[in-house]
Amino acid sequence: MTDNLPHVRFAPSPTGELHLGGARTALFNWLFARHHGGQFHVRIEDTDKLRSKPEFTDQILESLTWLGLDWDGPLLHQSHRSGQYKQALQALLKTGHAYRCFCSKDKLELDRKQAAKGHEFMYSGTCRDLSDAQIKIRLNQGQTFTLRLRIPEGETVYDDRIYGKVKVNNREIDDFIIARSDGSPVYNLVVVIDDHTMGISHVIRGDDHISNTPKQILIYQALGYDPPIFAHLPMILGPDKKRLSKRHNAPGIQEFRNAGYPPAALVNYLAMLGWNPDTEQEIFTPEELVAAFRLSQVQKKGAVYDEKKLNWVSSKHLLAMTDDDILAGIRSIDPDWQTERPDGYNRLVIEQMKPRVRSLQGLMEDSTFFYQVPEEYDAKTSRKRWPDSEVNNLVRNYYDHLLVQVEWTAENIEWLLRETATEAIVPASKLIHPVRLALTGSGAGPSLFTLMEILGQEACLQRLKLALEKLP
Ligand code: GLU
């Protein structure tokens, strides 16, 4: 880093699709970079050849793009960088910060088994001080070896931007392996080399990595690099207050997308998972988040994923969207949605439905009565609102009034309904509910008279007639 601005990165392993936790990590990095005018990089950690799949990389990038988390510069793939890792390993061997360990798997396994119960196994240091001659003999015998980092005495201390001061006695860290016997480097090593090469100033990541950080700092020191600033984000918890995992069935980002959550709503909600701004404001556009976000306001305490809250945030975002943007969002999920109707009609439907739904999928599902004659009538509402022929007579009177050629406006439709009710000496609600049932098949929906104006005279008459035939 040469510009003194923060350089951060999101470093997903492409072993699965992007989930809430990963998306939240990406978001906090992105917000931090954008707030300070720094750079947000993406690095694909694809060294696990068995589990990494290019299609997951594509999916993760697609999800980031959909969320609006744009990255700077080219993507970095760890799998393309083995040369650099090898060089660093050789340098560490040369300076004596790393050494060859010839201990066999079986021996290590035995040591592990013999380690005192309740204590974490620590490498005993058998190969730590082998002489050059001893090493030579083993190499000549063709013995395989791993590379271990020589941990110095002392303490490793760092100031976590979220967790505060973290101090570890180096005695608690054994000479851990940095390259396997096939020469491949381990995660802790490649992360350090990559973060250094990329000029990363702040490593912001999930707190599941907190135990790796002292080890990584020791690698930085062995390589003679300055460590970056670290910030470990709090866990995301399920409703049972346990770490959010597959068990909780929390959807992946693609699923939220397919369900039609506006990306800005999901971003807004994700920001709340751990970030506590000192304001009452809860609904933020992405631009407002960039302006307001402070890493110092991220809490240590785990953040509970709450689908209800997400739905609330999403409904607020939908309400603030233009009808055109909602239509475009729907068409991005289903290009064929109601294309047989003019978009003018669809926009009227959207305007009526957007205060009543929490996702675009919900809007598509709940608005079918604008397009189709109800196939059935909700049983509970029928029993309550249309119990007998008295209602039938009342609705028939209204139907007769509606046959008259009046200008088909919500105002006229309402006036005729109130007239009908007054003639029968009943409150208007006696008629409003059964008419809604006849038109929508249910007991809820947008304002009845606006709905009728949008549906049009012909469709309303047809549906009322059908209900008069089918209901008591
Ligand atoms: N690839 C790691 C992961 O997906 C992230 C490593 C890091 O952020 O340092 O958990």
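Each remark here, short or long, concerns the structure printed above.
The following refers to the structure shown. Computed from a prediction, not measured in an experiment: that's the story for all the values here. Per chain, the residues get numbers from 1 upward, laid out in the order the sequence is written. The predicted nature of this model means local features are confined to residues of pLDDT at least 70 and side-chain atom pairs, given and counted, to a pLDDT of 80 or more, with totals for whole chains, interfaces and linings taken over all residues. The side-chain values count all of the structure's non-hydrogen atoms but skip hydrogen atoms and water molecules.

Two measures describe an aromatic ring pair: the distance that separates the ring centres and the angle between the ring planes. Between 30 and 60 degrees the pair is tilted, below 30 it is stacked and above 60 it is edge-to-face, where a pair is any two Phe, Tyr or Trp rings, Trp via its six-membered ring, whose centres lie within 6.5 Å. A complete count under the given rule lists 10 aromatic pairs for this structure. Every member of this aromatic cluster is reached through a ring pair, and the members are Phe28, Trp275, Phe284 and Phe293. Geometry around Phe28 places Arg24 over its ring, the cationic atom sitting 5.5 Å from the centre. By the criterion adopted, a ring carries a charge over it if an Arg CZ or a Lys NZ lies within 6 Å of its centre and within 35 degrees of its normal. Its end group placed over the ring of Phe176, Lys215 keeps NZ or CZ at 5.2 Å from the ring centre.

This next bit is on the sheet that holds strand E4 (residues 98-101). Strand pairing requires that DSSP identify at least two bridges connecting the strands. The numbering of helices and of strands both runs from the N terminus, where a helix is a DSSP run of H or I of at least 4 residues and a strand a run of E of at least 2. Here three strands make up an open sheet; going across it, the order is E4-E5-E8 and the pairing antiparallel. This sheet does not close on itself; its edge strands, each paired only once, are E4 and strand E8 (177-179). Neighbouring strand axes in the sheet, compared pairwise and without regard to direction, differ in orientation by 45° on average. Relative to E8, strand E5 (residues 146-149) runs antiparallel, the two being bridged by two bridges. Residue pairing for E8: Leu147 is matched across the bridge by Ala179. Under this scheme, a helix contributes an axis fitted over its contacting stretch, all axes are lines through C-alpha atoms, and angles between N-to-C directions fall in the 0 to 180 degree range.

Before going further, it helps to examine the pairing of strand E10 (residues 229-233). Relative accessibility thresholds used throughout: buried, under 20% of the residue-type maximum; exposed, over 50%; partly exposed, between the two (1.4 Å probe, protein chains only). Burial analysis of E10 places four of its five residues in the buried class, which makes it a mostly covered element. Examined bridge by bridge, strand E9 (residues 202-206) and E10 share five bridges and lie parallel to one another. Within the sheet, the bridge partner assigned to His202 lies in E10 and is Ile229. On the question of chirality, the crossover connecting E9 to the parallel E10 by way of helix H7 (residues 213-223) is right-handed. When the strands point away from the viewer and the path from the first strand over the helix to the second turns clockwise, the crossover is right-handed.

If you walk across this open sheet you meet the three strands as E1-E2-E3, and the pairing is parallel. Each edge of the open sheet is held by one strand with a lone partner, namely strand E1 (7-10) and strand E3 (76-77). In this structure, strand E2 (residues 39-44) lies alongside E3, joined through two bridges in parallel fashion. Following the sheet pairing, Ile44 is matched in E3 by His77. The sheet strands contacting helix H2 (residues 54-67) are E1, E2 and E3, and the helix crosses E2 at an angle near 160°. In what follows, a contact means two residues having at least one pair of non-hydrogen atoms within 4.5 Å.

Any link to function would need more than the numbers given here.
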